[in-house]
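Overview (structure and organization)
The chain contents come next:
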Amino acid sequence: MSEDGKSLVHLDHVAKAYTMGEVVVHALRDVTLDIHAGEFVVLLGPSGSGKTTLLNIVGGLDTPTSGRVLVRGQDIATFNETQLTTYRRQMVGFIFQFFNLIPTLTAQENVELVAELVGKREQARRRLEQVGLGERAHHFPSELSGGEQQRVAIARALAKEPELILGDEPTGNLDYETSLRVLRALRDINRQQHKTMLIVTHNSALAQMADTIIRLRSGRVVEVKRNDNPLEPEELQW
Amino acid sequence: MTSRLHTKLRRDLWSSKWQFLAVAFIVMLGVAMFEAGFVSFRNMSESYNLSYTRLRFADFWIPFDRAPYDLTRRIAALPGVDRVVGRIVVEAPLRLSAETSPAAGINGAEQEEVKIIGRFISLPARERAALNDVRVVEGRYFSPAGKREALVEKSFAQHHQFRLGDTLTAEVGSGTEEFRIVGFVISPEYIIALRNEQYAMPTPSTFGVIFIPQERAEDIFEMSGQINEVCVRVLPGMTKSERNDIMWQAHDLLHPYGAEDPVPQEEQASNHALQMDLKALANLATVYPTLFLAAAALTIYTLLMRLVYAQRPHIGFLRASGFTQGDVLRHYLAFALVVGITGGMTGIALGYYLGLVITNQYTTTLNIPYVATPFRWDAVAYGFGAAMGACLAAGFIPARAAGTLPPAVAMRDETPPVGRRPILEWLFPPLARLPYVVKIPLRNLFRAPRRTVYTAFGIASGVSLVLVSAMFLDAIDFAIGSYFNKMQRYDMLVMFLPMQSEDLAYHLAQKPGVRRAEAGLQLPVEIIKGERKFSTLLLALPRHGRLYRVLDPRGEPMDLKGDGLLIGDLVRRRLGVETGDWVLLRYAQSSDEVKAEAWVRVGERIQQPATTMVYMPLDVAQRLFTSALDLPSRPTTGIQLQVEPQYLDALKRELYELPHAAAVELTRDSKADLDRMMAFTYAFIGTMLLFGVGLAFAIVFNTLSINILERTRELAAMRTLGLRRRQLAAMITIENVLTACLGLLIGIPLGYAECLWFIRLYQSETVTLELIIYPRTYVLVVAGTVLVVLLSQIPALRWINRLDLAKATKERSG
């Protein structure tokens, strides 16, 4: 458990700076926040506000320049490469804006690729059925629509049965209708399987379906807001 | 690695199959060359050793005038001597009628008779020789009572199409002696049937080896109880210097009998030539494969780097999902592994087959008594090891880059490289005003300098290999062309045994059809300068002769002036001599009793296109050697004739009737012989040339395809901005042709340097090739490279034309 005893994830004075070409970018500055187990958290902010960096740090893809990142009481900021890999393998499922499906594998094979890591290959098909893609299991990504591809990505993220699902602009590349279907899938997983969701987006409409909304600006947390009456995805408008 | 990663590997390989096949093809060529060279090298060297062991090849030979047979006991008593064989070796004209030699009647004359130089070597009739035995390949060995029997060396027999039972007639003294052929044999001393070390190639049309029973040799050569050569084997395990000590002790014992310089095993003509061949094969097995595998490694590196770059998002995802660095590294290394296995296995199969073809070619061309061709697992292992080593080493860097790529970085788009005005535009400001269709390709070359350099080096390595093969073709063509067009201008050469007076030339000039006749003197000699010694043939020619011309450094025929010895560059280098230096010129069969040597000055430089022969004016050679060798006045070994074509055959028949005419050689036939012998060489070089072109194509195809595919988004963006397909194709073509030019700029000097290295490698004691590359070759190489570039970019251009612009501009390139 983290600092307050209830958080799944606790960020404590986290900062991150990196160089891009010839420029030093301060992506996060003194970020402290909590994410509770089973919450649907939406991280809002304009481009360059540090959303993805924060997501990557929580996901163990990146390490902070300073500060602590406690996940179930363990500071993953101090983890070495092997420990981080194990952490990602056991704790985290990722969903990306551009899906990042392997184009040379079918939908089912994409899910199996990840499921194999935790010895649950046989569940791949069921995961696809959960996102409504049982019929499309043997299609290659290029034969699927954007929404279908993202749902494959969700099934893939679920395949390891992680506690924490991280989404980086999961609807950023999708039209409205398709986005709603993807959001519905995410909401169902959150509610039915009690998975903790941390979704990064610059679409403020999505905040209305979150339990907690975190706003970032220039690498700083400017607002953490509880939403006691989250909307259903179909009620969202943008 | 998990099984779905295998699926990804398999499908990724399939989706870039042409690129991976191209690299596997290069690996295959490299491994095939290694395998072919290694297998044939091992087959040949083992075959020689096996033959030498089974037939008890001697460690050294000492020829001398004549000595009692009992002398062999004294040599055998020397400490360290294992075995000694005394024998008679005599050269005498051999008369072949069309009946015995159908080859003699090839030109249509029914009863044509030819004369050649026969070397008669005695062998014991009742037992097998303790050293330098022969292997009977057809017929049988001597019968104990068969005094008139003869065994004929196989290549000589084949050339003249002898049959068992045929009769050979030798001119001995003033009479003739007849022998019945009872067997065809192979001798370890004549695996390459060279007359002596000074000859570059076998001459079965003018020289042959015949083995006769010891007693008969003693009778006909009037050497009863005598011998004129000993062959000696020392005890096993002796060092070369210990052997040499024994050799010179034996020489001391033979000193009173006119001992000539001893011939150690490594200088024995056939063995020496075989060792030179082996050296060439060993080079083939190392140098070329190294070049090919280096090129393959470079291409694999480029290909995998591109793959890793294109799959950065996938790598990011794999790492984000919990795949370890090792999983990812092994996944990308597996691409190199597959290329290595595919190229290695096919290369081994092809190379092994080529190795057997080369072995077979050798065994049919040469007379190897025992051939050893066991299956060579070591060749397979080394070939496979070389393929895997090159591929895995090349693949490791990109694979490691993939494995260690931080997942967060992998999922970010790479920061575009900093744009700069290329240095060329600073140096030549007008370049900046060029139209964009030219300026963009130009800037692209400087934008990713590493990629440009890789591509240029890829092209350069292909160009250099093509240039090396083409150089060999040019050098051989030039050597043969110069030799027959400028130097050897006679149509016919009549050789005498023993030497005759050059007055015969005046007599022959009167014959019908003869336009010109000139005498020459050809002697095996050693040129000595300090510690260095070079064995070759001296050809002494008339000062103003027209039928055999020496060439000046510009390649123009020159008259022989002064008293100097004219030496080509290769021999000059070997001896470390320059014009004006004094060297000791010694008749190669000199003995202490018959000392034929003289100090001569090195004359002006000459161009020597093929052989290592040295030259001097005829009168000087006659002055130096006539009395020392007890030769007739103004001696000649042969007379060169320029003859009206229609008189050639009739004159040839007539010349055989001349007393002491030992052989008549027609330039027309020599050329045909040479062409036959060169066929294998041409086929070999042609194969190398094809390999070089294949390599160039594979490299260029791959690097250019990669360069284009890497920039999909950029190219698609240009299309969406309104550039026509044709304009885009023009820009890509300009960029590729510019890269090709850069490759040529590197490749031609690189190839030239390789040519220099190779030509030194292939220069032997008897054959010299000059580095000649015709201007047309350069033109062809440049045009060919540009053509290969244009052809190999076609698939990539077609791919660009079919691009889904909306998709390509939105997604990350790759």
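Small disclaimer: the values here were computed from a predicted structure and weren't measured. (Residues numbered from 1 in each chain as written. Chains lettered and ligands numbered in written order. Predicted model: local features only at pLDDT ≥ 70, side-chain atom pairs only at ≥ 80, totals over all residues. Heavy atoms only, no water.)

Topic: the overall build of chain B
Looking only at helices and strands, chain B features 24 helices and 21 strands. Projecting the C-alpha coordinates of chain B onto the three principal axes gives extents of approximately 100 × 55 × 55 Å. Going through the 814 residues of chain B one by one, you find that 57% of them count as buried. Put simply, of all contacts in chain B between residues at least 6 apart along the chain, 82% involve residues at least 24 apart. Of the roughly 33,500 Å² that chain B leaves accessible, carbon and sulfur atoms contribute 58%. (Helix = DSSP H or I, 4+ residues; strand = E, 2+ residues; numbered from the N terminus. Buried < 20%, exposed > 50% of the residue type's maximum accessible area, 1.4 Å probe, protein only. Contact = heavy atoms within 4.5 Å. Areas by Shrake-Rupley, 256 points an atom, 1.4 Å probe, with all protein chains shown as cover.)

Some words on the confidence of the model for chain B
Residue and element names in this part refer to chain B. Residue-level pLDDT values for chain B average 85, and 93% of them are 70 or greater. Mean pLDDT across the secondary structure elements of chain B bottoms out at helix α24 (residues 805-810), with 60, and peaks at strand β10 (residues 226-234), with 95. This stretch, residues 104-111, has a pLDDT under 50; its non-local contacts, to residues over four places away or in other chains, come to eleven contacts. Interface predicted TM-score (ipTM) for the complex: 0.83; the corresponding pTM is 0.74. (pLDDT = per-residue confidence, 0-100.)

Looking at a nonpolar patch on the surface
All names here are of chain B. Among the surface-exposed residues, Ile423, Trp426, Leu427, Phe428 and Phe446 lie close enough to one another that they form a single nonpolar patch of about 580 Å² accessible area. Here the element with the most residues in the nonpolar patch is helix α12 (residues 423-427); it accounts for three residues. Within the secondary structure, leucine 427 sits in helix α12. (Patch = residues over 30% accessible without salt bridge, like charges linked within 9 Å, V, L, I, M, F, W, Y side chains within 5 Å. Salt bridge = Lys/Arg side-chain N within 4 Å of Asp/Glu carboxyl O.)

Examining the pattern of salt bridges
Pairing is possible between side chains that carry opposite charge, provided their charged atoms lie close to one another. A complete count under the given rule lists 62 salt bridges over all chains for this structure. The salt bridge partner of arginine 226 of chain A is glutamate 39 of chain A, with a shortest N-O separation of 2.6 Å. Of this pair, arginine 226 of chain A sits in strand β10 (residues 220-226) while glutamate 39 of chain A is found in the loop between β2 (23-36) and β3 (40-44), placing the two residues 187 residues apart along the sequence. With a closest N to O distance of 3.3 Å, aspartate 133 of chain B and arginine 128 of chain B form a salt bridge. According to the relative accessible area criterion, aspartate 133 of chain B is buried, its value standing at 5%. Arginine 128 of chain B gets classed as partly exposed once you look at its relative accessible area, which sits at 36%. Linked through salt bridges whose partners overlap, the residues forming this network are Glu109, Glu112, Glu116 and Arg121 of chain A together with Arg4 and Arg11 of chain B.

Some thoughts on the sheet that holds strand β1 (residues 60-68) of chain B
Residues and elements named next belong to chain B. One open sheet holds the four strands; their spatial order is β2-β10-β1-β11, and the pairing between them is antiparallel. In this open sheet, the two strands that pair with only one neighbour each are β2 (81-87) and β11 (263-264). Bridge count between β1 and β11: two bridges; the pairing is antiparallel. Paired with phenylalanine 60 across the strands is proline 264, a residue of β11. The strands touched by helix α6 (residues 240-254) within the sheet are β1, β2, β10 and β11, with β1 carrying the most contacts at an inclination of about 15 degrees. (Pairing = 2+ DSSP bridges. Axes fitted to C-alpha atoms, helices over the stretch in contact; angles between N-to-C directions.)

Here's the deal with the interface of chain A and chain B
In this assembly, 30 residues from chain A lie in contact with 27 residues from chain B. At the boundary of chain A with chain B, total buried surface from both sides reaches about 2,600 Å², with 61% on carbon and sulfur atoms. Of all residues in chain A, Leu61, Thr104 and Leu113 of chain A give up the largest surface area on contact with chain B, accounting jointly for 19% of the area buried on that side. At the boundary of chain A with chain B, the tally comes to five salt bridges. Salt-bridge contacts for arginine 4 of chain B lead to glutamate 112 of chain A; the nearest nitrogen and oxygen are separated by 2.5 Å. Scanning the region where chain A abuts chain B turns up eleven residue pairs in polar contact (both at pLDDT 80 or more). Residue assignment for the side of chain A that touches chain B shows that the elements contributing at least two residues are β1 (7-20), α2 (81-91) and α3 (107-115) of chain A. (Buried area = accessible area lost by both parts, 1.4 Å probe. Polar contact = N/O pair within 3.5 Å; in protein donor to acceptor, adjacent residues only side chain to side chain.)

A look at the pairing of β1 of chain B
In terms of strand pairing, β1 of chain B meets β10 of chain B through six bridges, oriented antiparallel. From the neighbouring strand, phenylalanine 60 of chain B faces β10 of chain B, where its bridge partner is valine 232 of chain B.

Considerations on the nonpolar core
Nonpolar side chains tend to gather and get buried jointly when the protein is soluble and globular. Formed by 148 residues in total, the largest nonpolar core has its most connected members in Leu11 and Leu54 of chain A together with Tyr332, Tyr548 and Tyr615 of chain B. Here tyrosine 615 of chain B is in contact with Met487, Leu538, Leu539, Leu541, Tyr548, Val550, Gly564, Leu565, Leu566, Ile606 and Gln608 of chain B, once residues within four sequence places are set aside. Val172, Ile212, Val571 and Val620 of chain B belong to the second largest nonpolar core, which has 72 residues in total. (Core = buried A, V, L, I, M, F, W, Y, C linked by side-chain atoms within 4.5 Å.)

Let's talk about the sheet that holds β1 of chain A
Within a beta sheet, neighbouring strands are joined by backbone hydrogen bonds and run either parallel or antiparallel to one another. All names here are of chain A. Within the open sheet, the four strands sit side by side as β2-β1-β4-β5. Their pairing is antiparallel. The strands lining the two open edges of the sheet, one partner per strand, are β2 and β5 (74-75). In terms of strand pairing, strand β4 (residues 66-71) meets β5 through two bridges, oriented antiparallel. The residue bridging leucine 70 from the neighbouring strand is aspartate 75, located in β5. With respect to the sheet, helix α1 (residues 51-58) is in contact with β1, β2 and β4, its orientation differing from that of β1 by roughly 125 degrees.

Some points on the environment of proline 609 of chain B
Residue and element names in this part refer to chain B. Position of proline 609 relative to the elements: it lies in the loop between β18 (597-601) and β19 (614-617). Residue class for proline 609 comes out buried when judged on its relative accessible area of 0%. Separated by 384 residues in sequence, proline 609 and glycine 225 place their C-alpha atoms 47 Å apart.

Quick word on the packing of α3 of chain A against helix α5 (residues 146-158) of chain A
For any two helices packed against each other, one specifies the inter-axial angle together with the distance between the axes. All names here are of chain A. Close contact between α3 and α5 brings their axes to 8 Å; oriented N to C, the two are set at 25 degrees. With respect to each other, α3 and α5 are oriented roughly parallel. Considering how the two elements wind past one another, α3 and α5 form a crossing that is right-handed. Two secondary-structure elements touch here, α3 through Ala107, Asn110, Val111 and Val114 and α5 through Val152, Ala155 and Arg156. Residue composition of the contact of α3 with α5, grouped by class: five nonpolar, one polar and one charged. (Parallel < 35°, antiparallel > 145°, perpendicular 65-115°, else oblique. Left-handed = near helix turned anticlockwise from the far one by under 90°. Nonpolar A, V, L, I, M, F, W, Y, C, P; charged D, E, K, R; others polar.)

Let's talk about the packing of aromatic side chains
The geometry of an aromatic ring pair is captured by two quantities: the separation of the ring centres and the angle between the planes. Residues and elements named next belong to chain B. Following the criterion strictly, the structure yields 19 aromatic pairs over all chains and no others. Relative to phenylalanine 758, the ring of tryptophan 757 has its centre 5.4 Å away and its plane inclined at 90 degrees; by these criteria the two rings are edge-to-face. Taken together, the ring pairs connect Tyr483, Phe484, Tyr548 and Tyr615 into an aromatic cluster. The side chain of arginine 54 reaches across the aromatic face of tyrosine 370, ending 4.7 Å from its centre. Positioned above the aromatic ring of tyrosine 141 is the side chain of arginine 128, whose terminal nitrogen or guanidinium carbon lies 4.1 Å from the ring centre. (Phe/Tyr/Trp six-rings, centres within 6.5 Å; stacked < 30°, edge-to-face > 60°. Lys NZ or Arg CZ within 6 Å of the ring centre and 35° of its normal.)

Let's talk about the environment of phenylalanine 20 of chain B
Residues and elements named next belong to chain B. Tracing the backbone shows phenylalanine 20 in helix α2 (residues 17-54). Separated by 319 residues in sequence, phenylalanine 20 and valine 339 have C-alpha atoms that sit 6.7 Å apart. Sequence-distant contacts of phenylalanine 20, that is, excluding residues within four places in its chain, are made with Asp12, Leu13, Leu303, Leu304, Leu307, Phe335 and Val339.

Section: the pairing of strand β9 (residues 212-217) of chain A
All names here are of chain A. In this sheet, β9 lies alongside β3 in parallel orientation, the contact comprising four bridges. Counterpart to valine 42 in the pairing with β9 is isoleucine 213. Both β9 and β10 contribute to a ladder of six bridges, which runs antiparallel. Pairing of threonine 212 across the sheet is with arginine 226, part of β10. With antiparallel pairing between neighbouring strands as the criterion, β9 and β10 make up a hairpin whose turn holds two residues, including serine 218 at a positive phi of roughly 50 degrees.

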